[in-house]
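Each chain, letter by letter, is given below.
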Amino acid sequence: ADGSVDIPVVVNILYKSSAENISDARIAEQIAILNADFAGTNTDATKIPTEFSGVKAGDTQVRFHLVKTVRKATTKTKWGTNDAMKKSSSGGIDATSPANYFNLWVVGNMGGILGYATFPESAGLWNDGVVIAAPYFGKTGTTAPYNLGRTATHEVGHYLNLRHIWGDASCGNDQVADTPTQTGANYGKPTYPLYNTCSGTSRSVMFMNYMDYVDDAAMFMFSAGQKARSQSVLTSSGARSGL
Ligand code: ARG
Ligand code: ZN
Ligand code: CA
């Protein structure tokens, strides 16, 4: 296959309260957000600065569709990043054939953590997939500044091999040529242009990229380089060719 793919999604929900037992409608809402953000049809794409319009991804040709929802009641009040939610032996839900399905777990609470993901190196392993804390999943019932379902967009970016845009270092490398180097993560709702100096060059960073740490309302694009990088894992020779 080429890089264009409609990824089958299994949503695994671990709930203690009924509020954590996310409705089917809210799951559909989150899938629709992923589809809009990856298609570049998100309404706020109009805010992409002219400086970056030439390198925006537009349609990444990656889509998502729900195949199954698994629900399980739990007495656990707090989860962490130790993958306990991904194993029935530790109170979680086992992944459904992770080489062929994108597994997404929703848990009630992870302390301050919004979500986390495995990179394509973990393709097909028992722990492969994305975890999102319920308050940040979908749109209905969520609160600003993480109320537009973009925690999932960011985490799925990781799942498809995208690094943080600042390369997790000062003026670090995210392995994508068309995202400007930046000194670190950005937070909140920055105003464009936002200048950084890396290697002696001052220019505005692409803080509105989904792979930065800004508020949901402040992130609205992937770049063409990120599209190419994520598509390459979905080709027949890519780590996620089984999806
Ligand atoms: N901190 C998380 C991570 O590094 C997710 C950040 C998501 N940001 C957002 N605006 N929803 O994977
Ligand atoms: Zn991240
Ligand atoms: Ca870059």
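Notes on the structure follow. Owing to the predicted nature of the structure, the values given are computational and were not obtained by experimental measurement.

Quick notes on the packing of aromatic side chains
This structure, assessed with the given rule, holds 9 aromatic pairs. Members of the aromatic cluster, connected to one another through ring pairs, are Phe 38, Phe 64, Phe 102, Tyr 159, Tyr 210 and Phe 222. Lying across the ring of Trp 79, Lys 76 places its NZ or CZ 4.9 Å from the centre. Over the face of the ring belonging to Trp 126 we find Lys 87, whose NZ or CZ atom lies 4.6 Å from the ring centre.

Some remarks on the sheet that holds strand S2 (residues 62-73)
Taken together, the 5 strands give an open sheet; going across it, the order is S2-S1-S3-S5-S4, and neighbouring strands pair in mixed fashion. Looking at strand neighbours, the two that pair on one side only are S2 and strand S4 (115-117), the edges of this open sheet. Between one strand axis and the next, the sheet turns through 20° on average, direction left out of account. Pairing between S4 and strand S5 (residues 130-133): 3 bridges, direction antiparallel. Across the sheet, Tyr 116 pairs through a bridge with Val 131, a residue of S5.

Comments concerning the side chain of Asn 127
For Asn 127, the position within the fold is in the loop between S4 and S5. Among the residues examined, Asn 127 registers a relative accessible area of 14% and is labelled buried. Looking at Asn 127, its side chain comes within polar contact range of the side chain of Asp 83, at 3.2 Å.

As for the coordination of the zinc ion (ligand 2)
Looking at the zinc ion (ligand 2), one finds its protein donor set to be His 154 (NE2), His 158 (NE2) and His 164 (NE2), positioned 2.0 Å from the metal centre. Counting residues between consecutive donors of the zinc ion (ligand 2) along the chain gives the motif H-x3-H-x5-H. Residue His 154 and its partner His 158 are both found in helix H3 (residues 150-159); the two are separated by 4 residues, about one turn of the helix. You can call His 154 buried: its relative accessible area is 6%. On the basis of relative accessibility, which here comes to 7%, the residue His 158 falls in the buried class.

Criteria and cut-off values
- Residues numbered from 1 in each chain as written.
- Chains lettered and ligands numbered in written order.
- Predicted model: local features only at pLDDT ≥ 70, side-chain atom pairs only at ≥ 80, totals over all residues.
- Heavy atoms only, no water.
- Phe/Tyr/Trp six-rings, centres within 6.5 Å; stacked < 30°, edge-to-face > 60°.
- Lys NZ or Arg CZ within 6 Å of the ring centre and 35° of its normal.
- Pairing = 2+ DSSP bridges.
- Helix = DSSP H or I, 4+ residues; strand = E, 2+ residues; numbered from the N terminus.
- Axes fitted to C-alpha atoms, helices over the stretch in contact; angles between N-to-C directions.
- Buried < 20%, exposed > 50% of the residue type's maximum accessible area, 1.4 Å probe, protein only.
- Polar contact = N/O pair within 3.5 Å; in protein donor to acceptor, adjacent residues only side chain to side chain.
- Donors = N, O, S within 2.8 Å, 3.2 Å for Na, K, Ca; no water.

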